[in-house]
Amino acid sequence: MSSNLLLNDLNEHQSIAVSAKPGNMLVLAGAGSGKTKVLVHRIAWLIHQENYSPYSILAVTFTNKAAGEIRGRIESLLRMSTAGMWVGTFHSIAHRLLRAHYLEAGLEQNFQILDSEDQKRLIKRAIQSLNLDDNTWAPKEAQWFINNKKDKGIRPEKIATNADFHTQTMANIYNAYEGLCRQSNLIDFAEILLRAYELLLKNPETLQHYQTRFKSILVDEFQDTNTIQYRWLKLLAHEQNHMVIVGDDDQSIYGWRGAKIENIKKFSKDFPNASTIRLEQNYRSTGAILNAANNLICHNGERLGKKLWSAGATGSPIALYSAFNEIDEAKFVADQVLEWVSKGYSRSDMAVLYRSNMQSRVIEEQLLQAGITYRVYGGMRFFERAEIKDALGYLRLIANQHDDAAFERVVNQPNRGIGDRTLSIIRQAAKENFCSLWNAAVSSIQQNILTPRAKNSLAGFINMIQQMQQYSVEIELYEITERMFQCTGLVEFYSLQKGEKARSKVENLEELVSATKNYSIEEDTEATVLQSFLSHASLEAGETQGSEQQDCVQLMTLHSAKGLEFPIVFMVGVEEGVFPHQMSADEPGRLEEERRLCYVGMTRAMEQLYLTYSELRRQYGREQYHRVSRFVQEMGNDSLVEIRKKIRVQRPISSQNKKFPSNFNHESGLKLGQNVRHKKFGEGTLLNLEGSGSNTRVEINFKDFGIKRLVLSYANLEGFS
DNA sequence: CCCCCCTCCATTTTT
DNA sequence: TGGAGGGGGG
């Protein structure tokens, strides 16, 4: 491949970035400026022009999707396999290091990954093991605390002993949780990064090996790196290698989960010889959209500075629609979709972007009513589904009996008579002997401290796992899975249940078998295929929906829209309190992140951007008036045009009125709002009446006792007026 | 031991 | 308003 070909369809700045002499480089790449293209071409350039071995390249991303895209584009550009190249997410690369150096990292060979749900369960156990109340000490909050500390590289012993009681207790929970993880040979997501960092920090020889191996380190979406990710990258840096970081401070929208926008500035400081290249030419959006986006983002202070421009047409102005209520807003979107479809656009050319997931409901209802197919992004992924996690739980126990998280999950799933009573005895034993639940279960069978029934069931369970474990070394992965389904009765359990839900669960389990059939081990480690598959399942949770729909409107949050583009974009709920969100509006820093989120949303649109807001919105069961978002005004009015529609939509009669029309007559002869007297509670007003005959229930607001629900036939009410 | 009802709560998400 | 989780009852 000639250098010409690699630089052929690049603009001046892209070309400079791609063909620069090897050295540290910061590429500030605006939205739609060909960031991935530069990354991919840079890698190709290093290989072809600078004679870098693919083996010496490390490319890091945040999502599997981005990593896959880089891989695919390199492969099609260079027509070579990327097998020797390290291209992956922070987590997958850190995991790869841990696999290769598990001893130095203080792990056992068969360590497995804990996803956030499992993590929460284990934290809950840690809380209980400290004899703390898990209502006062919410596992969710502790989980946040622990992950937050890990993201900053802080271990429990490093948390000041003179800290306040709350922090102290949290540190204790953190510590106890770490103990449980060690015992079960498990690591959570944050731990993968922290361990990999500590591995390199504590083993200079290993560090040196990778420093000399990776001659070029390329990082995508650098503005999203957190403290530990940055430190890890900095460790890998060396005089003899160089780093190319690509990012956009204006698109930093993950501050709330630890991303440090400052890392970009830190990079320039820590690598003073790094050159900076700006990619400002946008190939995606019309001039009108870019103009408004630029205007908006100028309201943020402390920017590195960047102004998107386009060589293309100005296009039509951004359309602003002021809806009467959220139903009207959704109807407007549906109407416009139909109009664009009639002009020849595909439904999949259009996306509806919203700030929070709950906003999708009304939109979905109206699209459904208009007969428009749609797809909602987000939600359960394949490997996160309960039935899949059950199956994986069994596979994990087969791979490692001391995996407490897996043990807890499947020991009584499907029900085999090992209830909470038995389990708490096992948990107690495990706690006292500092051993895994598995060992505790085995010894409590031997010691005869369980009821015969429980003992039997438990012994059966232990036996079953042991047997499957024995088989597992001889047979293929999919055979292990199929056999596991037979032995555990998991598929049978779901297929005996009725309904659409149960049917899809069985289908998912079958899908898991085909996933195991298709799986082939990616890299050579000492890990077994089973272990490797389990890691794969944890690190790559899979698609949201099993099968891609053909042609449908895309519904997603603004966050999940990052990196995507659509000819037509609807940004809905552009109101104060919704966007910017109420909870982010007060703090200047968080407001700026909301503004960046708005910027990200706008720059998704290629041809036409709609902004809609609703004057009246039903939220949390009450109606509230909203003003248009401050962001709209900040966009300036030279690229905006307001759309008006004549039809006004009335809200349907509220559900309460539907249930009880005004002429409602109950067989009891009682009327809502009527005064009644009760022997014990005295006088009150009848609020509600449900059911009939002996099942009739009443809700009464008593003067002295407040609202009570009673069964009418027992209440002996006396009506009066 | 399971199911139902009540209460409480309510951004954004990847790995 | 609606979903999830906890507690109580059958």
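What you see is a predicted model; the values in this text were computed from it and never measured. (Residues numbered from 1 in each chain as written. Chains lettered and ligands numbered in written order. Predicted model: local features only at pLDDT ≥ 70, side-chain atom pairs only at ≥ 80, totals over all residues. Heavy atoms only, no water.)

Moving on: the overall build of chain A. For chain A, the helix and strand inventory stands at 28 helices and 21 strands. Across the 721 residues that make up chain A, the buried fraction comes to 52%. Counting only carbon and sulfur atoms, one obtains 48% of the accessible surface of chain A, whose full area is about 34100 Å². (Helix = DSSP H or I, 4+ residues; strand = E, 2+ residues; numbered from the N terminus. Buried < 20%, exposed > 50% of the residue type's maximum accessible area, 1.4 Å probe, protein only. Areas by Shrake-Rupley, 256 points an atom, 1.4 Å probe, with all protein chains shown as cover.)

Bringing the packing of aromatic side chains into the picture now. If you walk through the whole model with that rule in mind, you get 20 aromatic pairs. Note on tyrosine 321 and phenylalanine 332: the rings are 4.0 Å apart at their centroids and 10° apart in plane angle, and the pair reads as stacked. One end of the pair, tyrosine 321, is in strand β9 (residues 318-325); the other, phenylalanine 332, is in helix α14 (residues 326-342), and 11 residues separate them in sequence. For phenylalanine 332, a relative accessible area of 1% gives the class buried. When the centroid spacing of 4.5 Å and the interplanar angle of 10° are considered together, the rings of phenylalanine 570 and tyrosine 610 count as stacked. In this pair, phenylalanine 570 is assigned in strand β13 (residues 566-571) and tyrosine 610 in strand β14 (residues 605-619), connecting sequence segments 40 residues apart. Residues phenylalanine 570 and tyrosine 610 agree in their burial class; the two are buried. (Phe/Tyr/Trp six-rings, centres within 6.5 Å; stacked < 30°, edge-to-face > 60°.)

Next up on the list: the protein's contact with DNA strand B. What surrounds DNA strand B is a group of 27 residues, the closest being Arg355, Asn415, Thr557, Ser584 and Arg590. Take asparagine 64: an N or O atom from its main chain is 2.8 Å from a phosphate oxygen of DNA strand B. Threonine 557 is positioned with one of its side-chain polar atoms (N or O) 2.6 Å from a phosphate oxygen of DNA strand B. Tallied by class, the residues present in the surface near DNA strand B amount to 7 nonpolar, 14 polar and 6 charged. (Near = heavy atom within 4 Å. Polar contact = N/O pair within 3.5 Å; in protein donor to acceptor, adjacent residues only side chain to side chain. Nonpolar A, V, L, I, M, F, W, Y, C, P; charged D, E, K, R; others polar.)

Turning our attention to unusual backbone geometry. Glycine aside, a negative phi is what most residues show, and trans is what most peptide bonds show. Of note, the bond from glutamine 413 into proline 414 is cis; its omega dihedral lies within 30 degrees of zero at 0°. As for its placement among the helices and strands, proline 414 is situated in the loop between α17 (404-410) and α18 (420-433). In this structure, the amide linkage connecting phenylalanine 579 to the following residue, proline 580, adopts the cis form with an omega of 5°. With respect to the helices, strands and loops of the structure, proline 580 is situated in the loop between β13 and α25 (588-602). Residue glutamate 221 is not a glycine yet carries a positive backbone phi of 50°. Counting through the fold element by element, glutamate 221 comes out in the loop between β6 (216-219) and α11 (227-236). The exposure class of glutamate 221 is buried, given its relative accessible area of 18%.

Taken across its 11 residues, helix α24 (residues 529-539) has 9 buried, putting it largely inside the fold. Residues of α24 that are buried: Leu530, Gln531, Ser532, Phe533, Leu534, Ser535, Ala537, Ser538 and Leu539.

Here helix α20 (residues 452-472) is 21 residues long and its end C-alpha atoms lie 30 Å apart, about the 30 Å a rise of 1.5 Å per residue gives. In this structure, the buried residues of α20 make contact with α16 (386-399), α17, α18, α19 (437-446) and α21 (477-488). (Expected span 1.5 Å × (residues − 1). Contact = heavy atoms within 4.5 Å.)

With that settled, the discussion passes to the side chain of threonine 481. As for its position among the elements, threonine 481 is in helix α21. Of the residues examined, threonine 481 reaches a relative accessible area of 0% and is grouped as buried. Look past the residues within four positions of threonine 481 in its chain and what remains in contact with it is Leu395, Leu512, Val513 and Thr516.

This next bit is on the nonpolar core. The biggest cluster of nonpolar side chains holds 48 residues, and the ones touching the most others in it are Phe407 and Phe461. If you tally residues by element for this core, the top one is α16, at 8 residues. Other than its neighbours up to four places away in sequence, phenylalanine 461 contacts Tyr394, Leu397, Phe407, Val410, Val411, Arg416 and Ile418. If you look at the next biggest cluster of nonpolar residues, it comprises 43 residues, including Leu58, Leu98, Ala105 and Ile245. (Core = buried A, V, L, I, M, F, W, Y, C linked by side-chain atoms within 4.5 Å.)

Here the focus is the packing of α16 against helix α23 (residues 500-518). Here α16 crosses α23 at 45°, and the two axes come no closer than 9 Å. As the angle between them shows, α16 and α23 are arranged oblique. Our pair here, α16 against α23, has a crossing hand that is right-handed. Here Glu387, Ile388 and Ala391 of α16 lie close against α23, whose contacting residues are Lys505, Asn508, Leu509 and Leu512. A per-class count over the contact of α16 with α23 returns 4 nonpolar, 1 polar and 2 charged. (Axes fitted to C-alpha atoms, helices over the stretch in contact; angles between N-to-C directions. Parallel < 35°, antiparallel > 145°, perpendicular 65-115°, else oblique. Left-handed = near helix turned anticlockwise from the far one by under 90°.)

To continue, consider the sheet that holds strand β1 (residues 25-29). Pairing is parallel in the open sheet, where 6 strands are placed in the order β3-β2-β6-β7-β1-β8. Edge positions in the sheet fall to β3 (86-89) and β8 (275-279), since each has one partner strand and no second. Strand after strand, the sheet turns through a mean of 15° between neighbouring axes, direction not considered. Direction of pairing for β1 relative to strand β7 (residues 242-247): parallel, over a ladder of 4 bridges. Bridged to leucine 28 within β7 is glycine 247. Contacting β2 (57-61) and β3, helix α4 (residues 64-78) runs over the sheet at an angle of about 155° to β3. (Pairing = 2+ DSSP bridges.)

This next bit is on the confidence of the model for chain A. Here chain A shows a mean pLDDT of 88. Residues at 70 or above account for 88%. pLDDT under 50 marks residues 649-665. Its contacts with residues more than four places away, or in other chains, come to 18 contacts. (pLDDT = per-residue confidence, 0-100.)

Moving on, we come to the pairing of β3. As paired strands, β2 and β3 are joined by 4 bridges and run parallel to one another. Within β3, the residue paired with valine 60 across the bridge is glycine 88. With α4 bridging β2 and its parallel neighbour β3, the resulting β-α-β unit is right-handed. (Right-handed = clockwise from strand over helix to strand, strands pointing away.)

Within this structure, the stated rule accounts for 0 disulfides. Take cysteine 598: it sits in no disulfide, and the sulfur closest to it among the cysteines is that of cysteine 298, at 13 Å. For cysteine 598, a relative accessible area of 0% puts it in the buried group. (Disulfide = S-S within 2.5 Å.)

Taken as a whole and judged by the stated rule, the model has 39 salt bridges. Between lysine 150 and aspartate 188 there is a salt bridge; the shortest N-O distance is 2.7 Å. Within this pair, whereas lysine 150 is found in helix α7 (residues 139-151), its partner aspartate 188 is found in strand β5 (residues 186-188), the two being separated by 38 residues in sequence. With a relative accessible area of 1%, lysine 150 lands in the buried category. One network of salt bridges, with partners in common, ties together Asp115, Glu117, Asp118, Lys389, Asp390, Arg396, Asp403 and Arg409. (Salt bridge = Lys/Arg side-chain N within 4 Å of Asp/Glu carboxyl O.)

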